[in-house]
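The primary structure of each chain is shown beneath.
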Amino acid sequence: MNSGSTTLRTLVALAALLTGSQAHATGTTDWTAAMPRQFGVGGVVVVAPKYEGSKDYRVIGFPLIVPSGMAFGETGRVQFRGPDDLRLRVLDFNGFEVGPLLGWRFGRNEGDSRRLAGLGDVDGGFVAGGFVAYRAGAFRAFVSYHRQVSGDDGGALVRFGAEGRTRLTPSLSLLATAGASYADGTYMTSYFSISPLQSAASLAGLPVYDAGSGFKDVFVGLSADIRLAPRWSLKLSGRYARLIGDAADSPIVESENQFTGGIGLTYSFDIGR
């Protein structure tokens, strides 16, 4: 993956799509009035497995820019759950929340591990989808759909989960999450199956393996939002996922235990009319 061009395309797409979604949600037809007046800009650094099932890790950094006129964060309209899960809440009615999401799915290079040598690369790409959630006090149950729409046909994921949020101080809040991920057949074929041709080319002698659709992991996570100053916010996050089912049994998997950590810093500013 070309990290520079990919980051730029992702940055532009996030700003354009989220701006368009906000304008549509408000029913505004005057483009001058529809343009957001407040933005959140910053950067995110993520430590994640080199590929799904890897025992080795890599550090990934990327910039972020989103309209934040309705606030950015766990209680705002724009909510960041991960590189493939940037949500925009367009409907909030009696506890029900609905909206689109987008992001980026990281691919897999056969050079990431000697176990992958000969299997070929899997391209990452843009992710688009949506989410539905129900909020009751500090708790929220959600279902989100994530479909890769560029690069290789990487298939789709559906995440089921529940969240609980607590505010420890006026400037510090914690969010705990637990859930499971369901993957369709295309996703499982791309990331966990080994075709006869791949098996023949495998330098590690991996056997043919056919991974079917189903639940691929269960996960828990904890994140903290820290208000450093009126315009500066710090986000810390950690997540543990356990591969299960056909995903866990795949010959490419080096470890069923997958850890992810991240740190992000954002600054909000206004654009004068």
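Criteria and cut-off values
Residues numbered from 1 in each chain as written. Predicted model: local features only at pLDDT ≥ 70, side-chain atom pairs only at ≥ 80, totals over all residues. Heavy atoms only, no water. Helix = DSSP H or I, 4+ residues; strand = E, 2+ residues; numbered from the N terminus. Buried < 20%, exposed > 50% of the residue type's maximum accessible area, 1.4 Å probe, protein only. Contact = heavy atoms within 4.5 Å. Areas by Shrake-Rupley, 256 points an atom, 1.4 Å probe, with all protein chains shown as cover. Phe/Tyr/Trp six-rings, centres within 6.5 Å; stacked < 30°, edge-to-face > 60°. Salt bridge = Lys/Arg side-chain N within 4 Å of Asp/Glu carboxyl O. Core = buried A, V, L, I, M, F, W, Y, C linked by side-chain atoms within 4.5 Å. pLDDT = per-residue confidence, 0-100. Polar contact = N/O pair within 3.5 Å; in protein donor to acceptor, adjacent residues only side chain to side chain.

1. Some points on the overall build of the protein chain
Within the protein chain, the secondary structure is distributed over five helices and 13 strands. Each of the 273 residues in the protein chain was classed as buried or not, and the buried ones make up 44%. Considering only contacts within the protein chain whose residues lie at least 6 apart along the sequence, 58% involve residues at least 24 apart. Total accessible area on the protein chain is roughly 13100 Å²; 62% of this is exposed by carbon and sulfur atoms.

2. Digging into the packing of aromatic side chains
Per the counting criterion, the structure on display carries seven aromatic pairs. Note on Phe160 and Phe215: the rings are 6.0 Å apart at their centroids and 50° apart in plane angle, and the pair reads as tilted. Taken together, the residues span a long stretch of sequence, with Phe160 in strand 9 (residues 156–169) and Phe215 in strand 11 (residues 214–227) at a distance of 55 residues. Residue Phe160 is classed as partly exposed on the basis of its relative accessible area of 36%.

3. Focus on unusual backbone geometry
For Asn94, which is not glycine, the phi dihedral falls at a positive 50°. In this structure, Asn94 sits in the loop between strand 5 (91–93) and strand 6 (96–105). Judged by its relative accessible area of 61%, Asn94 falls in the exposed class.

4. Thoughts on the pattern of salt bridges
A full pass over the atoms with the stated rule returns 15 salt bridges. Arg140 is the partner of Glu97 in a salt bridge, and the nearest nitrogen-oxygen pair spans 3.2 Å. Linking Glu97 in strand 6 with Arg140 in strand 8 (residues 139–148), this pair joins segments that are 43 residues apart in sequence. An identical accessibility class is assigned to Glu97 and Arg140; each is buried. Through salt bridges with shared partners, one network takes in Arg81, Arg89, Asp92, Glu97, Arg135, Arg140 and Glu163.

5. Quick look at the nonpolar core
Counting residues in each nonpolar core, the largest one holds 19 residues, and the members touching the most others are Leu119, Tyr187, Met188, Phe192, Ile194, Leu243 and Ile252. Elements that contribute at least two residues to this core include exactly helix 3 (185–191) and helix 5 (245–249). For this core, the element with the highest residue contribution is helix 3, accounting for three residues. Judged by nonpolar contacts, the second largest core, of 10 residues, contains Ile60, Val78, Leu86 and Leu88.

6. Looking at the confidence of the model for the protein chain
When pLDDT is averaged across the protein chain, the result is 84; 81% of the residues are at 70 or more. Looking at the elements of the protein chain, mean pLDDT is at its lowest for helix 2 (residues 31–34), recorded as 40, and at its highest for helix 5, recorded as 98. Low pLDDT, under 50, characterises residues 1–5; the predicted model gives this stretch three contacts beyond four residues in sequence or across chains. Per-residue pLDDT stays below 50 along residues 7–13; that stretch engages in 11 contacts with residues further than four places along the chain or on separate chains.

7. Section: the side chain of Ser144
Mapped onto the elements, Ser144 comes out in strand 8. The exposure class of Ser144 is buried, given its relative accessible area of 1%. Side-chain polar atoms of Ser144 contact the side chain of His146, separated by 2.8 Å.

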